[in-house]
Amino acid sequence: MAQLEHFTTPVDAVVSRMRALDASLPPRDGVAVFNRVYLAVTEAVDRRIDAGRFPDPRAAITLDVRFAERYLAAVEAVAEERRPPACWRPLFQFRRHPGVRPLQFALAGINAHIGHDLALAVVDACRTLDCEPAELEDEFDRVGDLLVTLEERIREDLMPGPDLLQIADPLTHLLGAWSLDRARDATWAAARALWAMRRLPDLTEEFVERLDAAVGFAGRMMLTPLPA
């Protein structure tokens with residue numbers, strides 16, 4: 001796709017909504033923990049777009065906004081007492097549980113957003129831009145690289161202190177098996193499959209429902225309450 005100059009999108013509005021949410025929630029709230037993580041990612045993507053670090057800024061912005069809109073729609077659904085997608089329900093259910101640690105909230109939110117929302121956002125962006133998923137692969141990879149870097153920082157910042165971070169710590173075992181790299185690879189495969197199925201609505205609906213449920217199940221495991 002050709003690069004379009006002076007292309008504008010609601011990225012700033014997305015960032016503003018996340019900042020408003022951050023200001024409205026108690027810091028320890030599980031949704032607030034994830035929101036701070038995601039806000040940092042969105043701001044980093046925005047800075048890189050402004051700096052010309054994405055070959056196709058229109059594609060990057062469209063993917064970024066469609067991606068964020070799915071998370072914000074889940075937040076709105078809960079605020080309006082509607083059911084969010086299954087992948088998000090564990091985070092909202094356990095958001096105030098005293099036995100769930102901040103790292104669990106952060107990674108459970110990333111799991112829901114990457115495992116489910118990103119695949120659908122790729123398809124949304126392809127429809128908006130009238131392109132194939134392969135044409136968004138560079139943008140997908142660059143956003144994924146930012147997430148991997150941030151995940152490493154999250155684990156460093158939110159893991160227990162050195163005296164607690166031992167081989168016997170349940171948190172080490174609970175979250176050690178989850179990998180953002182593997183989740184990202186699975187998401188790209190899911191996005192390509194959804195695009196291939198786009199003219200088969202019944203099959204697409206079933207695929208999305210099963211993906212949503214599977215990601216939600218993983219998120220529920222990640223939020224298992226642990227001893228202090």
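Note that the structure is predicted; figures quoted are calculated from it, not measured. (Residues numbered from 1 in each chain as written. Predicted model: local features only at pLDDT ≥ 70, side-chain atom pairs only at ≥ 80, totals over all residues. Heavy atoms only, no water.)

## Brief notes about the overall build of the protein
Part 1 of the argument: Across its full length, the protein holds 9 helices and 0 strands.
Part 2 of the argument: In the protein, the succession of helices and strands from N to C terminus is α-α-α-α-α-α-α-α-α.
Part 3 of the argument: Nonlocal contacts in the protein, meaning residues at least 24 apart in sequence, comprise 78% of its contacts between residues at least 6 apart. (Helix = DSSP H or I, 4+ residues; strand = E, 2+ residues; numbered from the N terminus. Contact = heavy atoms within 4.5 Å.)

## Quick notes on helix 8 (residues 180-196)
Part 1 of the argument: With 17 residues, helix 8 extends 24 Å between its outermost C-alpha atoms, agreeing within 8% with the 24 Å of an ideal straight helix rising 1.5 Å per residue.
Part 2 of the argument: Taken together, the buried positions of helix 8 are Leu180, Ala183, Arg184, Thr187, Trp188, Ala190, Ala191, Leu194 and Trp195. Projection of helix 8 onto a plane perpendicular to its axis shows the buried side chains occupying an angular sector of 165°, all on one side. Structural note: helix 8 exposes Arg182, Asp185, Arg192 and Ala196 on the side pointing more than 90 degrees away from its buried face.
Part 3 of the argument: Of the surrounding elements, those touching the buried residues of helix 8 are helix 5 (102-129), helix 6 (137-158) and helix 9 (201-222). (Expected span 1.5 Å × (residues − 1). Buried < 20%, exposed > 50% of the residue type's maximum accessible area, 1.4 Å probe, protein only. Arc of directions from axis to C-beta.)

## Brief notes about the nonpolar core
Within soluble globular proteins, side chains that are nonpolar tend to cluster in buried spots.
Part 1 of the argument: Within the largest apolar cluster, 78 residues are counted, with the highest numbers of intra-cluster contacts made by Tyr38, Tyr71, Trp88, Ile110, Ile114, Val122 and Leu136.
Part 2 of the argument: If you tally residues by element for this core, the top one is helix 5, at 17 residues.
Part 3 of the argument: Look past the residues within four positions of Trp88 in its chain and what remains in contact with it is Phe34, Tyr71, Ala74, Gly109, Ala112, His113 and Asp117. (Core = buried A, V, L, I, M, F, W, Y, C linked by side-chain atoms within 4.5 Å.)

## What to know about a positive patch on the surface
Part 1 of the argument: Side chains of Arg47, Arg48, Arg53 and Arg142 sit close together on the surface and give a patch of like positive charge.
Part 2 of the argument: When you line up the elements, Arg47 lands in helix 2 (residues 30-50). (Patch = residues over 30% accessible without salt bridge, like charges linked within 9 Å, V, L, I, M, F, W, Y side chains within 5 Å. Areas by Shrake-Rupley, 256 points an atom, 1.4 Å probe, with all protein chains shown as cover. Salt bridge = Lys/Arg side-chain N within 4 Å of Asp/Glu carboxyl O. Lys, Arg positive; Asp, Glu negative; His and termini not counted. Charge placed at Lys NZ, Arg CZ, Asp CG, Glu CD.)

Don't take any of this as a statement about function, it's just geometry.
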